[in-house]
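# A look at the structure
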Amino acid sequence: MIRFQNVCFAYGDAAVLTDLSFDCPSGAVAWLWGANGAGKTTVTNLALGLLTPDAGQIEAPTLASAVFQEDRLCEHLTAVANVRLGLGHRVAAAEILDELALAGLTSQDAGRPVSRLSGGQRRRVALVRALMRDCDLLCLDEPYTGIDEASVDEVVAYTLDRIEHRSVLLVCHDQQIAARFAPTTVRL
Amino acid sequence: MTQPSDGAGDPHRRVTGLVPTLVAIVILLAVWQVAAMLVGHDIILVTPARVVVTLVGLLPTASFWATIVHSLVRVVLGFLLAFVFGLSLAWLASTSRWAAALTATTMRLIRSIPVVSFIILLLIWADATWVGLWVSFLMVLPVIYANTEEGFSTRDAKILDMALVFGFTPARRWWAITAPGLMPYLIAATRVGFGLAWKAGVSAEVIGMTRGSIGERLYQAKIFLSTADLFAWTAVIVAASYLCEILALWGLRRGQAALGRYAA
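The following refers to the structure shown. Keep in mind that this is a model prediction, so the values were computed, not measured. Every chain begins its residue count from 1, and numbering advances along the sequence as written. Think of it this way: whatever chain is written first is A, whatever ligand is written first is 1, and the rest follow in order. Given that this is a predicted model, residues contribute local features only at a pLDDT of at least 70 and side-chain atom pairs are listed and counted only at 80 or more, while totals for whole chains, interfaces and linings are drawn from all residues. Excluding hydrogens and water, the side-chain figures rest on all heavy atoms present in the structure.

### Details of the interface of chain A and chain B
To be explicit about the condition: In what follows, residue pairs with any heavy atoms lying within 4.5 Å of each other are defined as contacts. What counts as buried area is the accessible surface, traced by a 1.4 Å probe, that two parts surrender upon association, with contributions from both included. Only one rule defines a salt bridge in this text: a Lys or Arg side-chain nitrogen within 4 Å of an Asp or Glu carboxyl oxygen. Any pair of N or O atoms that falls within 3.5 Å is considered a polar contact. Within protein, one atom must be able to donate a hydrogen and the other to accept it, and sequence-neighbouring residues count only if both atoms are side-chain atoms. A run of H or I in DSSP counts as a helix once it spans at least four residues, and a run of E counts as a strand once it spans at least two, with each numbered from the N terminus. Residue type decides the class: Asp, Glu, Lys and Arg count as charged, Ala, Val, Leu, Ile, Met, Phe, Trp, Tyr, Cys and Pro as nonpolar, and the leftover types, Gly among them, as polar.
Each partner contributes to the interface: chain A provides 21 residues, whereas chain B provides 17 residues. Overall, the association of chain A and chain B removes approximately 1,600 Å² of surface from exposure, summing both partners, and the carbon and sulfur fraction of that is 68%. Sorting the residues of chain A by area buried against chain B places A:R72, A:H76 and A:L85 first, and these three jointly supply 36% of that buried surface. There are one salt bridge connecting chain A and chain B. Residues A:E70 and B:K158 are paired through a salt bridge, measuring 3.0 Å at the closest nitrogen-oxygen approach. Linking chain A with chain B are four residue pairs in polar contact (both at pLDDT 80 or more). Taken together, the elements giving at least two residues each to the side of chain A that touches chain B come down to β5 (64-67), α2 (79-87) and α5 (119-132) of chain A. Element by element, the count of residues in the side of chain A that touches chain B is highest for α2(A), at four residues. Each residue belonging to the side of chain A that touches chain B can be placed in one class, and the counts come to 11 nonpolar, four polar and six charged.

### Focus on a negative patch on the surface
Rule in force here: For patch building, the residue pool is restricted to those with more than 30% relative accessible area and no salt bridge; the joining distance is 9 Å between like charges and 5 Å between nonpolar side chains (Val, Leu, Ile, Met, Phe, Trp, Tyr). The method behind every accessible area is Shrake-Rupley, applied with a 1.4 Å probe, and residues are considered shielded solely by the protein chains displayed. Residues counted as positive are Lys and Arg, residues counted as negative are Asp and Glu, and His and the chain ends are not counted. Every charge is mapped to an atom, namely NZ of Lys, CZ of Arg, CG of Asp or CD of Glu.
The grouping of A:D134, A:D136, A:D161 and A:E164 at the surface amounts to a negative patch. Within the fold, A:D134 resides in the loop between α5 and β6 (137-141).

### So, the environment of B:T54
Residues and elements named next belong to chain B. Applicable threshold: Residue exposure (1.4 Å probe, protein chains only): buried if accessible area is under 20% of the type maximum, exposed if over 50%, otherwise partly exposed.
The residue T54 is located in helix α2 (residues 48-58) in this model. Note on T54: relative accessible area 16%, which makes it buried. Distance in space between the C-alpha atoms of T54 and A101 is 51 Å, their sequence separation being 47 residues. Excluding anything up to four places from it in sequence, T54 contacts A228, D229 and A232.

### Focus: the pattern of salt bridges
One pass over the full model with this rule turns up 12 salt bridges over all chains. For B:R191, the salt bridge is made with B:E245, and the minimal N-O distance between the two is 3.7 Å. Separated by 54 residues along the polypeptide, B:R191 in helix α8 (residues 170-208) and B:E245 in helix α10 (residues 227-263) bring together distant segments of the chain. The partly exposed category is assigned to B:R191, whose relative accessible area is 27%. Here the salt bridges share partners, and the residues they tie into one network are A:D71, A:E75, A:R122 and A:R123.

### Focus: the packing of α2(A) against α5(A)
Residues and elements named next belong to chain A. Selection rule: For helices, the axis comes from a line fit to the C-alpha atoms of the stretch in contact; other axes are also lines fit to C-alpha atoms, and the angle between any two N-to-C directions lies between 0 and 180 degrees. Angle categories are assigned with fixed cut-offs, so that under 35 degrees is roughly parallel, over 145 is roughly antiparallel, 65 to 115 is roughly perpendicular, and the rest are oblique. By convention, the crossing between two helices is left-handed when the near helix turns anticlockwise from the far helix through less than a right angle, and right-handed when the turn is clockwise.
The contact between α2 and α5 brings their axes to 8 Å, and the two run at 30 degrees. Judged on the interaxial angle alone, α5 and α2 are roughly parallel. You can see that α2 and α5 cross each other, and the crossing is right-handed. Contacts between α2 and α5 involve A79, N82, V83, G86 and L87 from the first element and V125, V128, R129 and M132 from the second. The residue makeup of the contact of α2 with α5, split by class, is six nonpolar, two polar and one charged.

### Things to note about the sheet that holds strand β2 (residues 14-24) of chain A
The pairing of strands in a sheet happens through backbone hydrogen bonds and is either parallel or antiparallel. Residues and elements named next belong to chain A. Rules: We call two strands paired when DSSP finds no fewer than two bridges between them.
Strand order in the open sheet formed by three strands is β2-β1-β4, and the pairing between neighbours is antiparallel. On the outer flanks of this sheet lie β2 and β4 (55-59), each paired with one strand and no other. Here the strands of the sheet are splayed against their neighbours by 25 degrees on average, with no regard to which way each runs. Sheet topology places strand β1 (residues 2-11) next to β2; seven bridges connect them, and they run antiparallel.

### Focus on unusual backbone geometry
Positioned with a positive phi, A:E142 is a non-glycine residue whose angle comes to about 50 degrees. With respect to the helices and strands, A:E142 occurs in the loop between β6 and α6 (149-163). With relative accessibility at 14%, the residue A:E142 sits in the buried group. You will see that B:L225, though not glycine, has its phi angle at about 50 degrees, which is positive. Mapped onto the secondary structure, B:L225 falls in the loop between α9 (214-223) and α10.

### Brief notes about the packing of aromatic side chains
All names here are of chain B. Note the threshold: Whether two aromatic rings pair depends on their centres lying within 6.5 Å, for rings of Phe, Tyr and Trp, where Trp uses its six-membered ring; planes under 30 degrees apart make the pair stacked, over 60 edge-to-face, and the rest tilted.
Evaluated as defined, the whole model comprises 11 aromatic pairs over all chains. Judged by centre distance (5.0 Å) and plane angle (80 degrees), the rings of F64 and W65 are edge-to-face. Judged by relative accessible area, which is 46%, W65 ranks as partly exposed. An angle of 35 degrees between the planes, with centres 6.1 Å apart, marks the rings of F79 and F83 as tilted. Taken as a pair, F79 and F83 lie in helix α3 (residues 62-95) at a separation of four residues, close to a single helical turn. As far as the burial class goes, F79 and F83 line up, both buried.

Listed below in structure tokens is the structure:
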């Protein structure tokens, strides 16, 4: 469960969020919708505890996972190692490889340092890292950026399969993709 | 401050291949030979051929190798101590502004003090046996510190945020994020540091007349006006410095490759 109550936030003098309130129960998706600079990423950072609100209250699970606006992968590590690091506990490489395959990454690519992967492949790694992690809060900030149109459907289906009980904050400019999550819209 | 790159893979920063290096060496030797022939006096400027003969004469003697080991141990220990202390102090500086101010001021002071002042002070405090080690340490410490501190301060805050969200343990954060980020800075510091350690260490041995050291041999070359010996031992220092650097860089790169395995 995520709850924002009358949350205000400003970067210096520039107010970004004013009196923002919404709830997102477990297993539900809140779609953060607004123009560039409206504060969508700020909301995810507040939920993740990376920012502190100037006013108002935020209730969010402490066990969190995220696909950030940027991939934020450890460049020298392989896709498998990046996913394993995100999990925080030992998981068989085969299990990670299976998940990466479901997201459309071959085992050959999964064994390469992520610095040698394409933008779309890196995005899939970031997504698998976020979805495999045992957590109650999942922030997905433009999770399908760079993934080719032909395989986006497949990757979205994979994401939907893995949401389970989590509260999800979704930032996505593509309304058709967002609609597949049957979300509650939070206008910013 | 040195550049935070090992230069590997950048064709504009590095002259690659054996041939250009050999050509450069041949040109320098030719210039040296011509200059020595023009001077025409072995005490003023000895020929490269004479230096090679002197060096070949030294090679089979046990004292030659004992002298090298004597100085090598001190310079390498001095460098390693500086490496450990420099890295630790830079880490400390990254944790607190007060620690950063204290360490930065100390390093600035060490950098500003002439090396000879340190040598004389160390000779007043103790005998000359280990002066090379401490002087190497003091000269390399600010170099390692400055580079590593730069590495710590340029860590990607967004990656650190990711580590926070994903609950990385401090050990995993170190092996997966901090250490790989520091590696280019450590490689750059090592490139500069080993040359500096040898130059400063041997200078200390010359001034302190450390028994059984390369510095002592250089001092004797001066006393006996043996320019061939001076050049031969200088060549030994250059070679030893180069080999130390190559070995240290090899070790660091192996460490860099191992980081990936340990991190995961």
